[in-house]
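Commentary on secondary and tertiary structure
Each chain is listed here by its residues.
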Amino acid sequence: MMTEVLSAEGVFKSRTDAEKGTTKEILKGVDLSLGKGEMWALIGPSGGGKTTLIRLFNRLEEPSAGRILFHGRDIREGNPLDLRRRVMLIQQKAFMFSGTVLENLQRPFVIGGDKPPAKDDSRIRRVIDLCCLPASLIAEDARSLSAGQQQRVHLARGLLCAPEILILDEGTSALDRPTAEKLVANFRSLCREEGMTIFMVSHDLPLMERAADKGLYLEDGRILEEGAAADFFRKPKSPQLTRFLAEIPAEGE
């Protein structure tokens, strides 16, 4: 039986353009339930509301109507900083603080007033391995790394906070295919072995089809289809998802 960890109930989000005096609906009644240990793939056309939805999950934005529950409690009732450690959003563009890779990995502990782990700490070694980073990079200047390496340091820093839910916004976009495949396989193991829930926004549909347990299609602010990944990607029911998948080139083309 699924243990629900995060849910959206009738979530709407609108934005007002003060200069034009117009209001645009971004999300239009989203209902969603994420279970413990599940890996989700969120796909859909640009401008459909994907980024807004994941920003609502950890209160970088607030819904205009409806509510989001974490372990059955409205997330607006708690401390947003505590929520963001437990529901960790890793955004596409990796930000590196000045200093070494180790200092970047230690930064969440420093900010939180906690003792940071040393370079030989098992937690550091673990996230370095999970994110497919060579151990030799630990003393390198973080801002001198390649885009793909910075993206993996960004992911490793988030994992060090031990979140219950990890939300990835194009988290493999700067990686080559073999590295992306290995990293996502490692993350699947986190779901299976440790019960972490992972919610991925990605345009890499072949990778998502192989990795995800469930798929979610969002277009024009509405969830038009969701289901088990095998059927979602290979036997879509809605004409919108069918069209969207048909427009994506097959792997290798």
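Keep in mind that this is a model prediction, so the values were computed, not measured. (Residues numbered from 1 in each chain as written. Predicted model: local features only at pLDDT ≥ 70, side-chain atom pairs only at ≥ 80, totals over all residues. Heavy atoms only, no water.)

A closer look at the overall build of the chain
Tallying secondary structure elements over the chain gives nine helices and ten strands in all. Taken along the three principal axes of its C-alpha coordinates, the chain extends 50 × 45 × 45 Å. The 253 residues of the chain split such that 50% are buried. Pairs at least 24 apart in sequence give 65% of the contacts found in the chain among residues at least 6 apart. Measuring between centres, the 36 positive side-chain charges of the chain sit 2 Å from its 37 negative side-chain charges. (Helix = DSSP H or I, 4+ residues; strand = E, 2+ residues; numbered from the N terminus. Buried < 20%, exposed > 50% of the residue type's maximum accessible area, 1.4 Å probe, protein only. Contact = heavy atoms within 4.5 Å. Lys, Arg positive; Asp, Glu negative; His and termini not counted. Charge placed at Lys NZ, Arg CZ, Asp CG, Glu CD.)

Some points on the sheet that holds strand E4 (residues 65–70)
Note on sheets: strands pair through backbone hydrogen bonds, and any given pair is parallel or antiparallel. Spatially, four strands are ordered E2-E1-E4-E5 in an open sheet, and the strand pairing comes out antiparallel. Edge strands, defined here as strands with exactly one partner in the open sheet, are strand E2 (22–35) and strand E5 (73–74). As paired elements, E4 and E5 share two bridges and run antiparallel to each other. Within the sheet, the bridge partner assigned to Leu69 lies in E5 and is Asp74. (Pairing = 2+ DSSP bridges.)

What to know about the packing of aromatic side chains
This structure, assessed with the given rule, holds five aromatic pairs. On the basis of an interplanar angle of 75° and a centroid distance of 5.5 Å, the ring pair of Phe57 and Phe199 is categorised as edge-to-face. Highlighted residues: Phe57 in helix H1 (residues 50–57) and Phe199 in strand E8 (residues 197–201), separated in sequence by 142 residues. Considered together, Phe57 and Phe199 belong to a single accessibility category, that of buried residues. Where Phe232 meets Phe233, the ring centres are 5.0 Å apart and the plane angle is 85°; that geometry is what we call edge-to-face. One aromatic cluster is present, formed by Trp40, Phe57 and Phe199 through successive ring pairs. The ring of Phe97 has Arg107 sitting right over it, with the charged end atom 4.2 Å from the ring centre. (Phe/Tyr/Trp six-rings, centres within 6.5 Å; stacked < 30°, edge-to-face > 60°. Lys NZ or Arg CZ within 6 Å of the ring centre and 35° of its normal.)

Describing the environment of Asn104
Mapped onto the elements, Asn104 comes out in helix H3 (residues 101–111). With relative accessibility at 0%, the residue Asn104 sits in the buried group. Taking the C-alpha atoms as reference, Asn104 lies 34 Å from Tyr217; in sequence the two are 113 residues apart. Those residues in contact with Asn104, other than ones at most four positions away along the chain, are Phe95, Met96, Phe97, Ser98, Gly99, Ala142, Val153 and Arg157. In terms of polar contacts, Asn104 uses its side chain to reach the side chain of Arg157, at 2.9 Å. (Polar contact = N/O pair within 3.5 Å; in protein donor to acceptor, adjacent residues only side chain to side chain.)

A closer look at the sheet that holds strand E10 (residues 222–228)
A sheet is described by the order of its strands in space; here six strands give the open sequence E6-E7-E8-E3-E9-E10, paired in mixed fashion. In this open sheet, the two edge strands, each paired with only one partner strand, are strand E6 (87–90) and E10. Taking each pair of neighbouring strands and ignoring which way they run, the sheet shows an average axis angle of 15°. Bridge count between strand E3 (residues 39–43) and strand E9 (residues 214–219): four bridges; the pairing is parallel. Following the sheet pairing, Leu42 is matched in E9 by Leu216. Sheet strands touched by helix H6 (residues 177–194): E3, strand E7 (165–169) and E8. Its angle to E3, the strand with the most contacts, is close to 130°. (Axes fitted to C-alpha atoms, helices over the stretch in contact; angles between N-to-C directions.)

Digging into the pattern of salt bridges
Side chains carrying opposite charge are able to pair once their charged atoms draw close together. With the rule as written, the count across this model stands at 20 salt bridges. Here Glu194 ties to Arg126 by a salt bridge, and the two come within 2.8 Å at their closest N and O atoms. Linking Glu194 in helix H6 with Arg126 in helix H4 (residues 122–130), this pair joins segments that are 68 residues apart in sequence. The exposure class assigned to Arg126 is partly exposed, which follows from its relative accessible area of 34%. Three or more residues are tied together by salt bridges with common partners; here these are Lys13, Arg15, Arg55 and Glu61. (Salt bridge = Lys/Arg side-chain N within 4 Å of Asp/Glu carboxyl O.)

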